[in-house]
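These are the residues of each chain, in order.
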Amino acid sequence: MAQESRRGRLCGILLLVTGFAALMAGRNPLVAATPAGSDPWEASAFSADPAAILQAASRIDAGGPSEAVVLFSEIRLRIEADGRKTLVQRILYRIENAAADASWSTVDAPWSPWYQERPGLRARVITPDGAVHLFDPATLTEAGRAAEPDLFQDARILRAPLPAAGSGAIVEQEITIRDTAPFFDRGTTETLPVRMLVPVHLWRLVVEAPVGLPLRHVVRQLPDSGFHEETADGIRRLSFEYRDLTPYEEIEPGQPSDVRWLSAVTLSTGASWAEVARRYADIVEAAVRQAGQA
């Protein structure tokens, strides 16, 4: 993205992944699997009573000047045997002041049509008086998304303003992205940032994959106690949960690659680097042969 939002950088969002048309039809097993916790927002998306959310949020202090406080950030990732992924991400945050970056008052979601469905999005804003303002899909805009000024690709982005988003408002968003084909059929690597430049009350990642998939993970700059793994009915489930994360201080740009300052979970599904390299070489050689025959 040429102009990447401040919130997008902080959340690492993939949102990947943030933006919303109607959520894709059908019951989503990733969402249904979420148990209710001690805070109202830990129940299923958009099910918590707005008054209960406001009351629970009032007990969470930013601990100092901050644009926002992330009350709950959850990523649920299902990886199929062929490498296709389904991502469901929820984020719920409180805007702390009127001078907060404008990206906290918008919803946006990037995707690549060559291997992904158009994202499904939902959002609501709860103002301090308890009123609920629902995101209007009619306000969505769609545009191309260039990684670099001289790089052309099919990546797209959905973006829309959030209604009534201002100081003291609580924003709840959910984004769903489904792959129609694997990004790379010999495995991929993804790094999901955990800490942000704002306080985070609860961050959670749940990954589900077939037992036979060579799924590996590395946790950096975070305690080992936040990880749990279980296997049932041929599915591995990896869970990562971290609470009351303090924000980063100012991050010095241009640090060398061996300086590990990022608190993150990295996932890999490649069998080996040798296998990944062989498959990539095959793709490149096929493209070169095709170009030579043109």
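Above this text is the structure in question.
Everything numeric here is computed off the predicted structure, so don't read it as measured data. (Residues numbered from 1 in each chain as written. Predicted model: local features only at pLDDT ≥ 70, side-chain atom pairs only at ≥ 80, totals over all residues. Heavy atoms only, no water.)

Asker: Describe in detail the overall build of the chain, supporting the description with residues and values.
Answerer: If you tally the helices and strands in the chain, you get four helices and 14 strands. When burial is assessed residue by residue, the chain has 45% of its 294 residues classed as buried. For the chain, the accessible surface area stands at approximately 14,700 Å², while carbon and sulfur atoms represent 53% of it. (Helix = DSSP H or I, 4+ residues; strand = E, 2+ residues; numbered from the N terminus. Buried < 20%, exposed > 50% of the residue type's maximum accessible area, 1.4 Å probe, protein only. Areas by Shrake-Rupley, 256 points an atom, 1.4 Å probe, with all protein chains shown as cover.)

Asker: Please provide a residue-by-residue account of the environment of Ala-209, values included.
Answerer: By the element assignment, Ala-209 lies in strand E10 (residues 200–210). Taking the C-alpha atoms as reference, Ala-209 lies 6.0 Å from Arg-78; in sequence the two are 131 residues apart. Once you skip the residues sitting within four places of it in the chain, Ala-209 turns out to touch Ile-79, Leu-215, Gly-234, Ile-235 and Arg-236. (Contact = heavy atoms within 4.5 Å.)

Asker: Explain the sheet that holds strand E7 (residues 156–161) residue by residue, including any values.
Answerer: The antiparallel open sheet is built from three strands, whose spatial order is E3-E7-E6. The open sheet has two free edges, formed respectively by strand E3 (106–111) and strand E6 (141–144), since each of these has just one partner strand. Across the sheet, the axes of successive neighbouring strands diverge by a mean angle of 20 degrees, strand direction being ignored. Two strands pair when backbone bridges link them, and E3 and E7 are joined in this way by six bridges, in the antiparallel orientation. By the bridge assignment for E7, Val-107 is matched with Ala-160. (Pairing = 2+ DSSP bridges. Axes fitted to C-alpha atoms, helices over the stretch in contact; angles between N-to-C directions.)

Asker: I'd like a rundown of the sheet that holds strand E11 (residues 216–220), residues and numbers included.
Answerer: The strand order across the open sheet built from three strands is E9-E14-E11, with neighbouring strands paired in antiparallel fashion. Two strands in the sheet have a free side with no partner beyond their single neighbour: strand E9 (189–193) and E11. Averaged over all neighbouring strand pairs, the angle between strand axes comes to 15 degrees, with direction disregarded. Two elements, E11 and strand E14 (residues 264–268), share five bridges in a ladder whose sense is antiparallel. Note on E14: the bridge partner recorded for Arg-220 is Ala-264.

Asker: Give me the pattern of salt bridges: which residues, what numbers.
Answerer: Counted under the stated rule, the structure contains 21 salt bridges. Across the pair Glu-190 and Lys-85 runs a salt bridge whose closest N-O atoms are separated by 2.3 Å. Of this pair, Glu-190 sits in strand E9 while Lys-85 sits in strand E2 (residues 85–95), and the two are 105 residues apart along the sequence. The exposure class assigned to Lys-85 is buried, which follows from its relative accessible area of 12%. (Salt bridge = Lys/Arg side-chain N within 4 Å of Asp/Glu carboxyl O.)

Asker: Residues and numbers for a nonpolar patch on the surface, please.
Answerer: Together, Ile-251, Val-259 and Trp-261 give the surface a local cluster of nonpolar side chains, amounting to about 220 Å² of exposed area. Position of Ile-251 relative to the elements: it lies in the loop between strand E13 (235–245) and E14. (Patch = residues over 30% accessible without salt bridge, like charges linked within 9 Å, V, L, I, M, F, W, Y side chains within 5 Å.)

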